[in-house]
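Below are the chains, spelled out letter by letter.
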Amino acid sequence: MQVLILTHNILVERPLVEKLQRLNIEVLSSEKILTMLQAKQVPLEVMSFFNVLIASETISDQELTVILEEVGEKFTILRQTDQMPSKEEKTEWEARGVDEWLLEEESLSGLREKLAERTLRESGYSISFGMTQKVENVQEKRPIPLWNLTRSEREMLSTLISTKDAPISRNDLAIKIWGDSDSASHMTRLSTIIKHLRNKLKIDGVEYDVIRTNWGEGYQLSKVFFDHYVVDDRIMEEIKTGN
């Protein structure tokens, strides 16, 4: 597991960094990457190394919103805080893409269990800190796990399959699913749907980047999806109807 801490002050993060290192987790605390994300200049060559992002308590809610819009669907996101948010606030932030909350004085065992729980829940990997073991590859094509998908996730998947030869922009996706792209809540919801769809397909045995983000262009299913699943007219009808 590789963890990136986004912060305005790396000195403040020393206690958290030390706890993560005691768990044999590779960790980087960075203000520079935070600045690049805020400027919408995502450093792909660096970001691809991490699978968990921790948003420091030094980051404002407005800044966190920008981070979630830029990369929230690609990572497990943990928000560091001095106190747990209210039920309403928690629900709102989780809808935007925050996966877990870390208290300022989180114990080592608490940190360990939260990271392990999130990683196991959202991946098809067996986690032993410092070591990952991938599940056995599936050789034959199999049915898409439609039973586990929400209506919005099915609509998203249907659209991505039908536009498989080229990326589809976020605006066009919103129009396909909701009929418009003007709502800020729709843009936020898109990231959440993509993230959940990735996680569900990964649990089913497909690699996490089965839905590729082509920066500046949109989303596109990777070849591995079509290698893994049966896709024909009958399946497309089942995706659309949910039957």
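Now for a description of the structure that goes with this document. (Residues numbered from 1 in each chain as written. Predicted model: local features only at pLDDT ≥ 70, side-chain atom pairs only at ≥ 80, totals over all residues. Heavy atoms only, no water.)

Quick notes on the overall build of the protein chain
Helices and strands together make up the secondary structure of the protein chain, namely eleven helices and nine strands. Residues counted as buried form 47% of the 243 residues belonging to the protein chain. Sequence separation of at least 24 residues holds for 61% of the intrachain contacts in the protein chain that already meet a minimum separation of 6. Approximately 12,700 Å² of the protein chain is accessible, and the part contributed by carbon and sulfur atoms is 48%. (Helix = DSSP H or I, 4+ residues; strand = E, 2+ residues; numbered from the N terminus. Buried < 20%, exposed > 50% of the residue type's maximum accessible area, 1.4 Å probe, protein only. Contact = heavy atoms within 4.5 Å. Areas by Shrake-Rupley, 256 points an atom, 1.4 Å probe, with all protein chains shown as cover.)

Focus: the sheet that holds strand β2 (residues 26–30)
Strand order in the open sheet formed by five strands is β2-β1-β3-β4-β5, with parallel pairing between adjacent strands. Strands at the two margins of the open sheet, each flanked by one partner only, are β2 and β5 (100–103). Across this sheet, the average inter-strand angle for adjacent strands is 25 degrees, counted without regard to direction. In the sheet, strand β3 (residues 52–55) pairs with strand β4 (residues 76–81) via four bridges, with the strands oriented parallel. Within the sheet, the bridge partner assigned to alanine 55 lies in β4 and is arginine 79. (Pairing = 2+ DSSP bridges. Axes fitted to C-alpha atoms, helices over the stretch in contact; angles between N-to-C directions.)

Observations concerning the packing of helix α7 (residues 151–162) against helix α9 (residues 184–203)
As a packed pair, α7 and α9 sit with axes 10 Å apart at the nearest point and diverge in direction by 85 degrees. As judged from the angle between their axes, α7 and α9 are roughly perpendicular. In this structure, α7 contributes Ser152, Glu153, Met156, Leu157 and Leu160 to the contact, and α9 contributes Leu190, Ile193, Ile194, His196, Leu197 and Lys200. Partitioned by chemical class, the residues of the contact of α7 with α9 number seven nonpolar, two polar and two charged. (Parallel < 35°, antiparallel > 145°, perpendicular 65-115°, else oblique. Nonpolar A, V, L, I, M, F, W, Y, C, P; charged D, E, K, R; others polar.)

Quick word on the environment of glycine 205
One can find glycine 205 in the loop between α9 and β8 (211–214). Judged by relative accessible area, glycine 205 falls into the partly exposed class, the value being 28%.

Considering the packing of aromatic side chains
One pass over the full model with this rule turns up three aromatic pairs. Taken together, a centroid distance of 5.2 Å and an interplanar angle of 85 degrees make the contact between phenylalanine 225 and phenylalanine 226 edge-to-face. Ring centres of phenylalanine 225 and tyrosine 229 lie 5.1 Å apart, and the angle between their planes is 55 degrees; this geometry places the pair in the tilted category. Residue phenylalanine 225 shares its accessibility class with tyrosine 229, and that shared class is buried. Here the aromatic residues Phe225, Phe226 and Tyr229 are joined through ring pairs into a cluster of three or more. For arginine 96, the ring lying beneath its charged end belongs to tryptophan 93, and the centroid distance is 4.5 Å. Over the ring of phenylalanine 226 we find lysine 164, and its NZ or CZ is 5.0 Å from the ring centre. (Phe/Tyr/Trp six-rings, centres within 6.5 Å; stacked < 30°, edge-to-face > 60°. Lys NZ or Arg CZ within 6 Å of the ring centre and 35° of its normal.)

Some points on the layout of surface pockets
In this structure, the second largest pocket encloses a volume near 320 Å³. If you trace the second largest pocket, you find 15 residues lining it, with Glu69, Glu70, Arg170, Trp215 and Gly216 closest to the centre. Elements supplying a minimum of two residues to the lining of the second largest pocket: α4 (61–71), α8 (170–178), β8 and β9 (218–221). Here the residues of the lining of the second largest pocket sort into three nonpolar, six polar and six charged. (1 Å grid on protein atoms, 1.4 Å probe; cavity = no way out; pocket = protein on both sides within 12 Å on 5 of 7 lines; lining within 4 Å. Points joined across faces, edges and corners; volume = space filled by probe spheres on them.)

Observations regarding a negative patch on the surface
Judged by side-chain charge, Glu57, Asp82, Glu104 and Glu105 come together as a negatively charged surface patch. On the secondary structure map, glutamate 104 appears in the loop between β5 and α6 (108–122). Glutamate 104 gets classed as partly exposed once you look at its relative accessible area, which sits at 43%. (Patch = residues over 30% accessible without salt bridge, like charges linked within 9 Å, V, L, I, M, F, W, Y side chains within 5 Å. Salt bridge = Lys/Arg side-chain N within 4 Å of Asp/Glu carboxyl O. Lys, Arg positive; Asp, Glu negative; His and termini not counted. Charge placed at Lys NZ, Arg CZ, Asp CG, Glu CD.)

A few points about helix α1 (residues 14–22)
Inspection of α1 places Leu16, Val17 and Leu20 among the buried residues, and these make up the whole buried set. Along the long axis of α1, the arc covered by the buried residues comes to 100 degrees, so they all point the same way. Turned more than 90 degrees off the buried face of α1, the exposed positions are Arg14 and Arg22. Following α1 by one or two positions, asparagine 24 adopts a phi angle in the positive range, close to 60 degrees. (Arc of directions from axis to C-beta.)

Details of empty space enclosed by the protein
To find leftover empty space, a probe the size of one water molecule is rolled over the atoms. If you walk through the whole model with that rule in mind, you get two cavities of 30 Å³ or more. If you list the elements that add at least two residues to the lining of the second largest cavity, you get α4 and α9. In terms of residues, the lining of the second largest cavity owes the most to one element, α4, which gives three residues. By residue class, the composition of the lining of the second largest cavity is one nonpolar, three polar and two charged.

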